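What follows is the residue order along each chain.
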Amino acid sequence: TYQFSSPESARPGTPLGRIKATDPDVGENAEIEYSISSGDGSDMFDIVTDKDTWEGIITVKKHLDFENKMLYTLKVEAANTHPDPRFLQLGPFKDTALVKISVEDIDEPPVFNRPWYLIEVDEDAKEGSIIGQVVAQDPDITKNAIKYSVDRHTDLDRIFNIYSGNGSLFLSKPLDREEIPWHNITVIATEINNPKQSSQIPVFIRILDINDHAPEFAKYYETFVCENAKAGQLIQTVSAVDKDEPPRGHKFFFELVPEFAVHPNFSIIDNKDNTAAIMARRNGYSRNKMSTYLLPIIIFDNDYPIQSSTGTLTIRVCACDSRGNMQSCNAEALLLPAGLSTGALVAILLCIIILLVLVVLFTALKRQRKKEPLIISKDDVRDNIVTYNDEGGGEEDTQAFDIGTLRNPEAREESKMRRDVIPETIFQIRRTASLWENIDVQDFIHRRLKESDLDPAAPPYDSLATYAYEGNDSIANSLSSLESLTTEGNQDYDYLSDWGPRFKKLADMYGGEDSDRE
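Here goes a summary of the coordinates provided. (Residues numbered from 1 in each chain as written. Predicted model: local features only at pLDDT ≥ 70, side-chain atom pairs only at ≥ 80, totals over all residues. Heavy atoms only, no water.)

**Looking at the side chain of asparagine 274**
Alright, step 1. Position of asparagine 274 relative to the elements: it lies in the loop between strand 21 (266-270) and strand 22 (275-280).
Alright, step 2. At a separation of 3.4 Å, a polar atom in the side chain of asparagine 274 contacts the main-chain carbonyl oxygen of histidine 250.
Alright, step 3. A distance of 2.7 Å separates a polar atom in the side chain of asparagine 274 from the backbone nitrogen of phenylalanine 252.
Alright, step 4. If we skip the residues at most four places from it in the chain, asparagine 274 touches Val238, Ser239, Ala240, His250, Lys251, Phe252 and Phe254. (Helix = DSSP H or I, 4+ residues; strand = E, 2+ residues; numbered from the N terminus. Polar contact = N/O pair within 3.5 Å; in protein donor to acceptor, adjacent residues only side chain to side chain. Contact = heavy atoms within 4.5 Å.)

**Some words on the sheet that holds strand 19 (residues 234-241)**
Alright, step 1. Pairing in this open sheet of four strands is antiparallel, and the strands run 17-19-22-21 from one edge to the other. Two strands lie at the open edges of the sheet, namely strand 17 (216-217) and strand 21, each paired on one side alone.
Alright, step 2. Direction of pairing for strand 21 relative to strand 22: antiparallel, over a ladder of five bridges. Note on strand 22: the bridge partner recorded for aspartate 270 is alanine 276. (Pairing = 2+ DSSP bridges.)

**A few points about a negative patch on the surface**
Alright, step 1. Together, Asp122, Asp124, Asp157, Asp176, Glu179 and Asp212 make up a negatively charged patch on the protein surface.
Alright, step 2. Topologically, aspartate 212 is positioned in the loop between strand 16 (198-208) and strand 17. (Patch = residues over 30% accessible without salt bridge, like charges linked within 9 Å, V, L, I, M, F, W, Y side chains within 5 Å. Areas by Shrake-Rupley, 256 points an atom, 1.4 Å probe, with all protein chains shown as cover. Salt bridge = Lys/Arg side-chain N within 4 Å of Asp/Glu carboxyl O. Lys, Arg positive; Asp, Glu negative; His and termini not counted. Charge placed at Lys NZ, Arg CZ, Asp CG, Glu CD.)

**A few points about the environment of glutamate 222**
Alright, step 1. Its place among the elements puts glutamate 222 in the loop between strand 17 and strand 18 (223-226).
Alright, step 2. For glutamate 222, a relative accessible area of 62% corresponds to the exposed category.
Alright, step 3. Placed 94 residues apart in sequence, glutamate 222 and arginine 316 show a C-alpha to C-alpha distance of 8.3 Å. (Buried < 20%, exposed > 50% of the residue type's maximum accessible area, 1.4 Å probe, protein only.)

**Notes on the state of the cysteines**
Alright, step 1. Applying the stated criterion to the full structure yields two disulfides.
Alright, step 2. The residue that forms a disulfide with cysteine 226 is cysteine 320, at a sulfur-sulfur distance of 2.1 Å. In this structure, the disulfide formed by cysteine 226 and cysteine 320 twists by about -85° around the S-S bond and is classed as left-handed. Of this pair, cysteine 226 sits in strand 18 while cysteine 320 sits in strand 24 (residues 308-320); the two residues are 94 residues apart in sequence, bridging distant segments of the chain. Here cysteine 226 and cysteine 320 have matching classes, each one buried.
Alright, step 3. Through a disulfide, cysteine 318 is tied to cysteine 329; the S-S separation comes to 1.6 Å. The sign of the 100° torsion about the S-S bond sets the cysteine 318-cysteine 329 disulfide as right-handed. Placement of cysteine 318 in strand 24 and of cysteine 329 in the loop between strand 25 (326-328) and helix 1 (331-335) is noted, with a sequence separation of 11 residues between them.
Alright, step 4. Looking at cysteine 318, the relative accessible area reads 0%, which means it is buried.
Alright, step 5. The connectivity of the disulfide bonds within the protein can be written as 1-3, 2-4, using the sequence rank of each bonded cysteine. (Disulfide = S-S within 2.5 Å.)

**Things to note about the pattern of salt bridges**
Alright, step 1. With the rule as written, the count across this model stands at 13 salt bridges.
Alright, step 2. The salt bridge partner of glutamate 77 is lysine 94, with a shortest N-O separation of 3.6 Å. Here the residue glutamate 77 occupies a position in strand 6 (residues 71-80), and lysine 94 occupies one in strand 7 (residues 94-104), the gap between them amounting to 17 residues.
Alright, step 3. In this structure, the salt-bridge partner of lysine 504 is aspartate 508, at a minimum N-O distance of 3.3 Å. On the criterion of helical spacing, the pair formed by lysine 504 and aspartate 508 is a turn pair, its members being four residues apart in helix 7 (residues 504-510).
Alright, step 4. Sharing partners across several salt bridges, the network here consists of Arg18, Asp50 and Glu55.

Have a look at this one:
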């Protein structure tokens, strides 16, 4: 009897142990073949013969499960591969042994009851509504509790969530089948007592369509009608599209809006194949009277609830040839056939650009021009009025002459007395006639000058004093050139040499006889 043990996680092909039968023969008479003749583990295990050692190797044939069966019993047979016919009566040339294999329990991850899940949910499902459930359990005898979670790498927008206790999936955000019709997420089941033991399961979520979009034109139609069109002529064929996908397929209906049901210019015919034909209702159109027509069309679907939208078809009136090919749709082209050429338009545009550039340059140069000073030089005499807001060098100077008189002749003080000269007698100030407003300053000064010249009582505000004599304490006495002419003989200017370097020039000119001769 042999006994072996195997963990339940052993992979198929894993060797569990060796058994050996002995044979006293040699050569090919000693060759042995091992096989499993019976036992409850014949379908779970296998045995192979080692040709070098003539031993039997027990291997795992299928996946083991401790929870299903913990012990297996095998009956192994060893037989000679080349028995000698001469000695068959001495047989049988084989033997059997009993092999017992025990399965060891290991902590296994949770196991889901399905290999994958498919869940269908309407796109108008409300947030928080439960859309399905996944179930997993611990295969071990201990039956540890399990918690569920969603792999966020498969649900970056966090549209779905799961209750960790029972595995119920619910919505966290609204769905939009037209944006994403399928969602493939992964749910993770983890043992609470051993978080290292976890397993994953794919969940495929299909969003079922709800008729929440209205049909619309399949594209933008550039429609035109020829001026020479006839009544009943086909103008345009339009079709529609819908983002929804009804189970029975799309079915669209076309008609004019109620206020345009009887249109004087165009009509619409539903072709019953999700298209409609726009027809002309009268003969002839004029682009000078009406260059563009707007035709509103209502498009319905046949799903529940019914959705509809209004699309406006813009129809231009164009000039066409006899075969209906468009030539021109511009009304101005008919009124002004002899328009300007492209070259002339380009030349006019260039002239306008050049003119704008010159204006900009002139404005920039004018802004950069420096302002001239108020008075360029001393010789440049102009009539300028300078206003001073603060007082000058002293109170006496300010009251000696009132500059405010020049600014406002009417505001002068008529009783102001001169303070730099003590008047000998008290005289009455002569009143002058009031001046009119906005009098010229120059004329005002001349009038005041004339009044002062003719007024004998007016003190001499401006006077010139001439001094032609030296003071009494001067050692040079009088320096008057007029007085020097009255003296007799030549003057002696030798004393000038004693006055220092400042009078050296005078001493050289008048100080000696040589200078007199010169």
